[in-house]
Amino acid sequence: MNRITFNFLPHLACTACLLLSSAPTAQANQWQDTVYDTTGFEIGGFVDTRAGFRLQDDANERDSSLGEIRLQLEADRDYDWGHISLKGDLLHDVVLKDSTAELREISLLLYPSDNMDLKIGRQTLTWGTGDLIFINDMFPKDWQAFFIGRDNEYLKAPSDAIKTSVFFDHYSLNLIYTPVFNPSTYVSGERLSYYNPATASLAGRNARITDEQPDSWFTDAEYALRLSRQLQGWELALYGYSGFWKEPEGVNPLSGNYLFPALSVYGASVRGTMGGGIANMEMGYYDSRDSDSGSNPNIRNSELRWLVGYEHEIGHELTGALQYYVEWMQDYSDYKSNLPAGMSRRDEYRHMLTLRLTKLLHNQNLIISLFAYYSPSDQDGHLRPKISYKISDNWLVDGGANIFWGEDESTFWGRFQDNTNIYAGLRYSF
Amino acid sequence: MKTVSLTITLLFLFLSALPLQAEDKTDVAAIIDQANLTSYYQGQDGRADVTLTITDNQGRVREREMTILRRDVTDGGEQQFYVFFKRPSDVRKMTFLVHKKTSGDDDRWLYLPALDLVKRIASSDKRTSFVGSHFFYEDVSGRAIHEDEHQLIETTDQYYVINNTPKDPGSVEFTSYTVWIDKTNSMPMKAEYRNTAGNVYREVEVLEVQDIQGYPTVTKSRIRDLESGGETVSSLSNIGYDISLKESIFTERFLRRPPREVR
């Protein structure tokens, strides 16, 4: 919906890359200064090229998991009454063999009064305290980008929304209205293989998921709310959401298409410093409104999700962080009794641990990091080692791996086990 | 006659007071207190554009450009800092907020605009590099006075020379450091850090002081890593004091949406 296809893009992106990279830094800044002086717009962006491939055969997918060149351009302008932001990507994708233009931001920020901000348009939205675990952040993600080695920026997909923020005393209230449902980009078989419960096997591009998205303006709207305050360095927040599961967590029994069932979330979080580190806790109750208290086997049950985390410096320029996360399925006995024969059964509790290690070296220009998900209950996990080096203020090179494993093909991480891949990228920022 | 003698007495007293005022201070705590106020607490608040030029031990140069806002909660005590990054482009529009405490850990937040993500940053180690430069967080926001024992080791024509030893040696990488404080304006002009072997391995030097709105202000300084050979030069411009920064600027609202004062 947000994508337009072009074919001249690779040439354009390459030309831009060559032009920009051949210009010395001072000159590169100069043209941006000229644009700023004449139009008031601040310009920036990057050219990024990356490639990745699978480390094992996947009967359902190509060997190559990533191959692309991307140009991102960003423009910003300040006015007395507000701020305009524009950000767009031109992408040539070798794996999917197409070129696309994608608008990542087009927004208008207004200051209607001293204690109110209003942001209208396409924008990236984030809140909550989890580190790569999202409980109350019900804004769209791009899991496909996250699993193939694109920059972390692309994990967050933009929303078309109106964000109203009101500030009074120590409280702030954010209300986000999305007039029509913005789903996440999930693993659909197009590029990454997944587990198909109907056939009880892994599937890929020959059996892509077809879904039915709620797409009626205003009736299929999403509402997200956060009330937060600071209390002696602690951030406390309450959350509410009304909309749909962001990934297809239901099946239409007639068509076999995947569905995005109705969902409400009620949650809370707290974050602050403790013992020289950062501690956080977050919970959310996922009310799967169409699951009929667990008696509808085609729709995911309601859940209670809970997270606790702690981050601390464990050495010089070395940070470690641990999280424990649990999903508790509600109405489990109904789920068990209504589960069709032959379907793999989920546990009532899904436990997960995450570990993050980040080491900075050479004046913080070399970053070595690892993020690991491990579920002792599902016996599966996902490892994300990464290394990046800033060659200069403009050039950055990075590489890493996305490793998936699982005892069982049907579990959360186990279903991606044929997608284990490595990647490398080169970026020129201007 | 009486009036005359009183006048003479007063005059004498006044004159005798003069050399006393110009006499060297001997109270090390007073010298350190004044130096701390001069370096970190000028005015009620302030702003500056800062350029850090980082040269590594192989001569490669990197630059960081940012605007820093500062607001004192109490003079000599708690402070708030707001940093808006301008260059290089990979950090453009990132913002950084610090609520500096005099005891306990500071509160730090980093905002990444591409993800709309507000990250809380652990701050137990204040002696880590600030944005990859040779400046430590503590060099930017000031080291709490009560963390060191201070000893006045020499008074020259120009400087008070003070030796400082950490009360908790395990929390820092130095065993002691010596500071040269200008007697006329209480500005620390140079600091040398020594390691366990007693060698100076790190040197902070003020290269330029300007009078801004009546406040002596360091506009150029340099930190040299004498062990590995790199250095960072910090240059300040567009400096202003007492600009009536609101307390609300130093909150999540403006972390996500940079205020006009930094744009």
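None of the values given here were measured: they were computed from a predicted structure. (Residues numbered from 1 in each chain as written. Chains lettered and ligands numbered in written order. Predicted model: local features only at pLDDT ≥ 70, side-chain atom pairs only at ≥ 80, totals over all residues. Heavy atoms only, no water.)

Below, the discussion takes up the interface of chain A and chain B. Counting residues at the interface gives 55 residues for chain A and 40 residues for chain B. Carbon and sulfur atoms make up 37% of the area that chain A and chain B hide from each other, which totals about 3,900 Å². The largest share of the area that chain A buries against chain B comes from Glu 313, Asn 363 and Asp 393 of chain A, three residues that together contribute 16% of it. In this structure, the connection of chain A to chain B is made through eleven salt bridges. Notably, a salt bridge pairs Asp 78 of chain A with Arg 263 of chain B, separated by 3.7 Å at the nearest N-O pair. Counting every contact that joins chain A to chain B gives 28 residue pairs in polar contact (both at pLDDT 80 or more). (Contact = heavy atoms within 4.5 Å. Buried area = accessible area lost by both parts, 1.4 Å probe. Salt bridge = Lys/Arg side-chain N within 4 Å of Asp/Glu carboxyl O. Polar contact = N/O pair within 3.5 Å; in protein donor to acceptor, adjacent residues only side chain to side chain.)

Residue and element names in this part refer to chain A. The pairing of strand 22 (residues 380–390) with strand 23 (residues 395–406) spans nine bridges and is antiparallel. Its bridge partner lying in strand 23, Lys 390 is registered against Leu 396. Remark: four residues form the turn of the hairpin made by strand 22 and strand 23, two consecutive strands paired antiparallel. The pairing of strand 23 with strand 24 (residues 421–429) spans eight bridges and is antiparallel. Among the inter-strand pairings, Trp 395 is bridged to a residue of strand 24, identified as Tyr 428. (Pairing = 2+ DSSP bridges. Helix = DSSP H or I, 4+ residues; strand = E, 2+ residues; numbered from the N terminus.)

Quick look at the sheet that holds strand 15 (residues 258–259) of chain A now. Two strands in a sheet stick together by hydrogen bonds in their backbones, pointing the same way (parallel) or opposite ways (antiparallel). Residues and elements named next belong to chain A. Strand order across the open sheet formed by three strands is 11-15-14, with mixed pairing between neighbours. With partners counted over all chains shown, the strands left at the sheet margins are strand 11 (211–212) and strand 14 (250–251), one partner each. Note that strand 11 and strand 15 share two bridges and pair parallel. Across the sheet, residue Asp 211 finds its bridge partner in strand 15, namely Tyr 258.

To continue, consider helix 2 (residues 28–40) of chain B. A turn of α-helix holds 3.6 residues, and therefore any two residues three or four places apart point the same way. All names here are of chain B. The terminal C-alpha atoms of helix 2, which comprises 13 residues, lie 18 Å apart, in line with the 18 Å expected from a rise of 1.5 Å per residue. Restricting attention to buried positions, one finds in helix 2 the residues Val 28, Ile 31, Ile 32, Ala 35, Asn 36 and Thr 38. The buried residues of helix 2 occupy an angular sector of 165 degrees when projected down its axis, which confines them to one face. Check the buried side of helix 2 and you find it contacts strand 7 (148–155), strand 8 (159–166), strand 9 (176–182), strand 10 (188–194) and strand 12 (215–225). One side-chain oxygen of the residue at the start of helix 2 lies 3.1 Å from the amide nitrogen of Ala 29, identifying that residue as Asp 27. (Expected span 1.5 Å × (residues − 1). Buried < 20%, exposed > 50% of the residue type's maximum accessible area, 1.4 Å probe, protein only. Arc of directions from axis to C-beta.)

Attention now moves to the UniProt feature "domain: Uncharacterized protein TP-0789" (unreviewed entry) in chain B. The UniProt feature table records "domain: Uncharacterized protein TP-0789" (unreviewed entry) at residues 77–257 of chain B. Helix makes up 6% of residues 77–257 of chain B and strand 50%, with an end-to-end C-alpha separation of 27 Å. (UniProt positions renumbered as here; feature names shortened; annotations may be inferred.)

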